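Here are the chains, one letter per residue:
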Amino acid sequence: MPKLDTLRSVALACMFTGLAGAMVAPQLAVAQPAAAVRGLPDFTELVDQVGPSVVNIRTVEKASSRAGGANGMNEEMLEFFKRFGVPIPNVPRQERPQRPQQEEENQPRGVGSGFILTSDGFVMTNAHVVDGADQVIVTLTDKREFRAKIVGADKRTDVALVKIEATGLPAVKVGDLSRLRVGEWVMAIGSPFGLENTVTAGIVSAKQRDTGDYLPFIQTDVAINPGNSGGPLINMRGEVVGINSQIYSRSGGFMGISFAIPMDEAIRVSDQLKATGRVTRGRIGVQIGQVSRDVAESIGLGKATGALVTGVEPGSPADKAGVEAGDIITRFDGKPIEKVADLPRFVGNTKPGSKATVTVFRRGSSRDLAVTVAEIEAEKPVVARAPEREEKPKASPAAQQIGLAVAELPDAQKKELKLQGGVVVAAATDAAARAGLREGDVILAIANTEVAGVKEFEAVLAKADKSKPINVLYRRGEWAQYALIRPAK
């Protein structure tokens, strides 16, 4: 057992140790932020390096074609409200003095940004910056102004290319998107609200963000406002990795989320614009939807990946290749379809006329189909017609258990829909109605088995385990999709 003096010595030592720690702690707390500050990036060299390559873009249009902003709102603000479906606030129209017609012929339309892509005068910006403009005026950082010619604009990707008559210009360096990492610092230069050469910075918040059919956007927290559109997103190596294009906002102003078009996609578009003035994209003629986890498990696909074919355009490349409604496209030309948005992107980037392999999952197995990609065209309106039937048959006991009554599909409707078999829903109640089925739907398969008519339908349904969800592939008009019928327990 220790002596009393020893215990006192230990206690005093602990006291002084605690006091010493308390005295040192404030010094450590003060030193810590200083170390963090030293670790922040310095953008000054980047601004000196890339700044001269960034331009201000002003557009002018004739007053006769000027529709005016909604509720009198200026064009720079409207460019953001038209993206993502953000409601336009009720801003009253500003009273403007009347001027003679000859003074109204040309009016300032909007302000945006851009950057010099090549030293011989090609400038990249957003398509919505130059859309509808009669004149495009490009101003360099040295205050020289040029009237630009619109080489081409692609609204689907929001990329435009304009040309000014100048040489020896400071062109940007294009970055490698495969090296871009979430969390790294990036910088934007542009003309928000007409304030030229404004620099903002932040980090990459996400990559491959799906907000459109053909583009996996770069998401950042860099401050982007009206007028920044078309300006470059720059990494710490001084390379342009994207074009600032969109924001997510409920007010019309920056709220911490902005999106940039990846430069690899933009360069692919600009090369076509430079060569032909337009962009050609591939198409195979399918309507697609998302594959849910429940459907994937029910049909034996396992993981919820791929694109569900809900409809096939008659005479299209997919139709000729043998793609059917209800197929799940899992790969296109060897590239896996992880999510539904991948398919239109891969197909769109394929040169029309080239051959590709489409891998589809159908009835529990995969198969490869050869398809010749066509050029994209305007979508045709789909008109659904009600099936022809004379009387509503009675449902069998097995069908009654899941709330279905079906009838034979008339030959005329089979020919019209280009089907070999199937049954038409005469009535849908209880579990079938809860699954979304309704009168007039055409059932193509049930429990992962194709049905040619009512007899086959009843046979498959009688063998199915009705204590578990039963998958049904059905067609409504020109669209096909899956439903899971869950019988009541």
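Model, not experiment: these values are computed from the prediction.

Looking now at the overall build of the chain. Scanning the chain from N- to C-terminus turns up 12 helices and 27 strands. Of the contacts made within the chain by residues no fewer than 6 positions apart, 63% connect residues no fewer than 24 positions apart. A total accessible area of about 25,300 Å² is found for the chain, and carbon and sulfur atoms account for 52% of it.

According to the stated counting rule, one finds 16 salt bridges in the structure shown. Of the charged contacts in the structure, one is a salt bridge between arginine 237 and glutamate 239, with a shortest N-O distance of 3.4 Å. The exposure class assigned to arginine 237 is partly exposed, which follows from its relative accessible area of 36%. One salt-bridge network, in which partners are shared between bridges, spans Glu324, Asp327 and Arg362.

The next subject is the nonpolar core. Grouped together as the largest cluster of nonpolar side chains are 37 residues, with contacts concentrated most on Phe115, Met124, Ile243 and Met263. Among residues more than four places away in sequence, those in contact with methionine 124 are Gly114, Phe115, Leu117, Val159, Ala160, Leu161, Gly230, Ile243, Met263, Ala266, Ile267 and Ser270. Within the second largest apolar cluster, 23 residues are counted, among which are Ala399, Val423, Leu437 and Ala483.

Our focus in this paragraph is the environment of serine 298. With respect to the helices and strands, serine 298 occurs in helix α6 (residues 293-299). Residues serine 298 and glycine 364, 66 residues apart in the sequence, show an inter-C-alpha distance of 9.9 Å. The residues touching serine 298, leaving out its near neighbours within four places in the chain, are Asn471 and Leu484. Within polar-contact distance, the side chain of serine 298 engages the side chain of asparagine 471 at 2.8 Å.

Further remarks concern the side chain of serine 316. For serine 316, the position within the fold is in the loop between β16 (307-312) and α7 (317-321). A polar contact of 2.6 Å, which involves the side chain of serine 316, links it to the backbone oxygen of glutamate 313. In contact with serine 316, other than residues within four places in its own chain, are Ile284 and Gly285.

So, how was this worked out
Residues numbered from 1 in each chain as written. Predicted model: local features only at pLDDT ≥ 70, side-chain atom pairs only at ≥ 80, totals over all residues. Heavy atoms only, no water. Helix = DSSP H or I, 4+ residues; strand = E, 2+ residues; numbered from the N terminus. Contact = heavy atoms within 4.5 Å. Areas by Shrake-Rupley, 256 points an atom, 1.4 Å probe, with all protein chains shown as cover. Salt bridge = Lys/Arg side-chain N within 4 Å of Asp/Glu carboxyl O. Buried < 20%, exposed > 50% of the residue type's maximum accessible area, 1.4 Å probe, protein only. Core = buried A, V, L, I, M, F, W, Y, C linked by side-chain atoms within 4.5 Å. Polar contact = N/O pair within 3.5 Å; in protein donor to acceptor, adjacent residues only side chain to side chain.

Taken by themselves, the reported measurements are silent on function.
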